[in-house]
Amino acid sequence: MSFMSRALIALAVVLAHPGIAGAADINVWTSRAIATVLAEIGPQFERATGHRLHVYSGLPTDFERRLAAGDTVDLIISGSAPIDTWIKEGKIVETTRTEIARSGIGVAVRAGARKPDVSSVDAFKRALLDAKSIAFLRVGSGLHIAGVLERLGIAETVTSKVTRPESDIVSELVARGEVELGLVVMTQILTTPGVDLAGPLPSELQSYIVFTAGVSATSKVPAAAGQLMRFLTGPIAIPVITAQGMEPLPAGRLLR
């Protein structure tokens with residue numbers, strides 16, 4: 001039996017759920033890392049289940065604003081820390097917490113540009129000092145990078161050439177030539193046209209962002225949202241997650 005045949009059989013088993021009758025509209029708020037996965041495999045999920053996905057890609061700050069405004073959401077996929085906060089606040093059902101994948105942080109350069117040596121702590125430090133401009137986020141991986149700059153003793157030295165955008169556009173800034181080096185999760189670098197991966201952070205400085213899902217406490221279609229979580233940890237999603245520079249994680253607690 002071919003791999004594709006096995007995958008299709010596994011998909012049918014994974015998606016089978018007698019508690020769901022008819023199609024549902026599933027509102028998904030997700031980090032960009034998983035949005036790019038859904039862009040590729042979401043149509044397969046829709047065809048297999050009859051459900052319709054409505055995907056909004058953003059940062060935890062966007063999700064917090066929308067939650068405060070009472071916007072409708074069924075499934076949120078973000079970094080583990082904000083998901084855990086929303087569980088404590090009763091906004092996400094604790095028993096649905098599911099880790100999907102993780103990504104290390106890398107260094108992006110404009111496509112075709114010289115790739116600096118970032119293979120060691122000293123080389124990475126020198127690349128940052130030599131760069132004309134640097135970008136990293138205000139949240140998620142950006143929090144770790146800010147700590148790394150402090151640890152390397154160069155935070156004040158490079159502060160004048162650092163850009164920290166409010167939205168998830170670090171790689172786009174690099175692609176447009178507005179920033180020389182982008183420090184962001186590697187999956188974003190590998191899924192953005194116009195940029196190249198210079199390399200991951202040195203192992204001594206590396207950190208992994210875990211993308212975690214949870215069903216909204218106010219969802220009217222929690223079982224359908226659970227199906228989507230199972231799909232994202234299943235045989236169709238895993239090769240795509242890997243190809244996009246992430247490491248799939250073992251399926252955690254899922255909505256039954």
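Residues numbered from 1 in each chain as written. Predicted model: local features only at pLDDT ≥ 70, side-chain atom pairs only at ≥ 80, totals over all residues. Heavy atoms only, no water.

**Digging into the packing of helix α2 (residues 32-49) against helix α10 (residues 222-232)**
Axis separation between α2 and α10 bottoms out at 11 Å; the angle between their running directions is 120 degrees. Considering the angle they form, α2 stands oblique to α10. The way α2 lies across α10 gives a crossing that is right-handed. Residues Ile-34, Val-37, Leu-38, Ile-41, Gln-44, Phe-45 and Thr-49 of α2 pack against Ala-224, Gln-227, Leu-228, Phe-231 and Leu-232 of α10. Looking at the contact of α2 with α10 residue by residue, the classes come out as 9 nonpolar, 3 polar and no charged. (Axes fitted to C-alpha atoms, helices over the stretch in contact; angles between N-to-C directions. Helix = DSSP H or I, 4+ residues; strand = E, 2+ residues; numbered from the N terminus. Parallel < 35°, antiparallel > 145°, perpendicular 65-115°, else oblique. Left-handed = near helix turned anticlockwise from the far one by under 90°. Contact = heavy atoms within 4.5 Å. Nonpolar A, V, L, I, M, F, W, Y, C, P; charged D, E, K, R; others polar.)

**Quick look at the nonpolar core**
Ranked by size, the top nonpolar core spans 43 residues in total, and within it Ile-34, Ile-41, Leu-75, Leu-228, Leu-232 and Met-246 carry the most contacts. Discounting residues that sit within four places of it in the chain, Leu-228 has contacts with Ile-26, Val-28, Leu-38, Phe-45, Leu-53 and Leu-75. Grouped together as the second largest cluster of nonpolar side chains are 22 residues, Val-118, Phe-124, Ile-134 and Leu-205 included. (Core = buried A, V, L, I, M, F, W, Y, C linked by side-chain atoms within 4.5 Å. Buried < 20%, exposed > 50% of the residue type's maximum accessible area, 1.4 Å probe, protein only.)

**With respect to the layout of surface pockets**
Volume-wise, the largest pocket comes out at about 330 Å³. If you trace the largest pocket, you find 21 residues lining it, with Gly-79, Gly-140, Ser-141, Ile-209 and Phe-211 closest to the centre. When contributions to the lining of the largest pocket are tallied by element, the ones reaching two or more residues are α2, β3 (75-79), α4 (80-88), β7 (181-185) and β9 (208-215). The element that contributes the greatest number of residues to the lining of the largest pocket is α4, accounting for 3 residues. Estimated volume of the second largest pocket: approximately 220 Å³. In terms of lining, the second largest pocket is formed by 13 residues, of which the most central are Thr-72, Val-73, Ser-216, Thr-218 and Ser-219. In terms of residue class, the lining of the second largest pocket is made up of 3 nonpolar, 5 polar and 5 charged. (1 Å grid on protein atoms, 1.4 Å probe; cavity = no way out; pocket = protein on both sides within 12 Å on 5 of 7 lines; lining within 4 Å. Points joined across faces, edges and corners; volume = space filled by probe spheres on them.)

**Structural notes on α10**
Three- or four-residue spacings in an α-helix give side chains the same orientation, since the helix completes a turn every 3.6 residues. The buried count for α10 comes to 9 of 11 residues, which makes it a mostly enclosed element. Restricting attention to buried positions, one finds in α10 the residues Ala-224, Ala-225, Gly-226, Gln-227, Leu-228, Met-229, Arg-230, Phe-231 and Leu-232.

**Digging into the packing of aromatic side chains**
The way to describe two aromatic rings as a pair is by their centre distance and the angle between their planes. Counting across every chain of the model gives 4 aromatic pairs. Ring centres of Trp-29 and Phe-63 lie 6.1 Å apart, and the angle between their planes is 25 degrees; this geometry places the pair in the stacked category. Taken together, the residues Trp-29 in strand β1 (residues 25-30) and Phe-63 in helix α3 (residues 60-68) connect sequence positions 34 residues apart. The residues Trp-29 and Phe-63 share a single accessibility class, namely buried. (Phe/Tyr/Trp six-rings, centres within 6.5 Å; stacked < 30°, edge-to-face > 60°.)

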